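Structural description and commentary
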Amino acid sequence: TQLLEQSPQFLSIQEGENLTVYCNSSSVFSSLQWYRQEPGEGPVLLVTVVTGGEVKKLKRLTFQFGDARKDSSLHITAAQPGDTGLYLCAGAGDTGRRALTFGSGTRLQVQP
Amino acid sequence: DAGITQSPRHKVTETGTPVTLRCHQTENHRYMYWYRQDPGHGLRLIHYSYGVKDTDKGEVSDGYSVSRSKTEDFLLTLESATSSQTSVYFCAISETGPWGTEAFFGQGTRLTVV
């Protein structure tokens, strides 16, 4: 079974601060996605990374896929209250499983 | 927004009763998934379908069954509900599976087993 460990589980910061969320595994993933979920809603895709070492930017969010395709990070610059939510990483493996494996999530709260 | 609807949105049921949750999509996507979400566990896969009448188990499938007789509908049944199945259940759809394509989620069903 492929597992994804996210850290930290909870993060409470002030508006304007920077933060990094990590997603780690001992398994190789063919692609990795990051989702954000708001209360009472389903997760919504932020980004997909597919190549080892790939870096993608989405405004103030920077996503990186590890060279070995076993880990990923999400960095937010100058966090805003609108960034508050649950961040989930999800990986697609090379096994026969035809479903995403999700991490346990990082709950981010940005205080104004 | 992707056309995916879960019903009911909320349900309270008694221990030992059967419960069926419905996921309906209008996108004609091949893959459909049922996940449960509990604090500290992210999303855990219950069952998924990769076509009509083609289903497979996830890592938390015990006590659950699924059926997909039409492309647009994927049903999740709790055969005899237990308190440990109190959770928020999410249906997701994907056009070509998990490999680099987006999964679209429903709004969830909050199930309470008393």
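Everything that follows concerns the structure shown earlier in this document.
Residues numbered from 1 in each chain as written. Chains lettered and ligands numbered in written order. Predicted model: local features only at pLDDT ≥ 70, side-chain atom pairs only at ≥ 80, totals over all residues. Heavy atoms only, no water.

**Quick word on the pattern of salt bridges**
What the rule picks out here adds up to 6 salt bridges over all chains. Of the charged contacts, one joins E54 of chain A and K56 of chain A as a salt bridge, the two residues approaching to 3.8 Å between their closest N and O atoms. A salt bridge links K70 of chain B to D73 of chain B; the shortest N-O distance between them is 3.3 Å. With relative accessibility at 9%, the residue D73 of chain B sits in the buried group. Each member of the salt-bridge network shares a partner with another, and the members are R22, K70 and D73 of chain B. (Salt bridge = Lys/Arg side-chain N within 4 Å of Asp/Glu carboxyl O. Buried < 20%, exposed > 50% of the residue type's maximum accessible area, 1.4 Å probe, protein only.)

**Description of the environment of G42 of chain B**
By secondary structure assignment, the location of G42 of chain B is in the loop between β4 (31-37) and β5 (43-51). Separated by 68 residues in the primary sequence, G42 of chain B and R110 of chain B place their C-alpha atoms 15 Å from one another. Apart from residues no more than four positions distant in its own chain, G42 of chain B is found in contact with L88, G103 and S104 of chain A together with R36 and Q37 of chain B. (Helix = DSSP H or I, 4+ residues; strand = E, 2+ residues; numbered from the N terminus. Contact = heavy atoms within 4.5 Å.)

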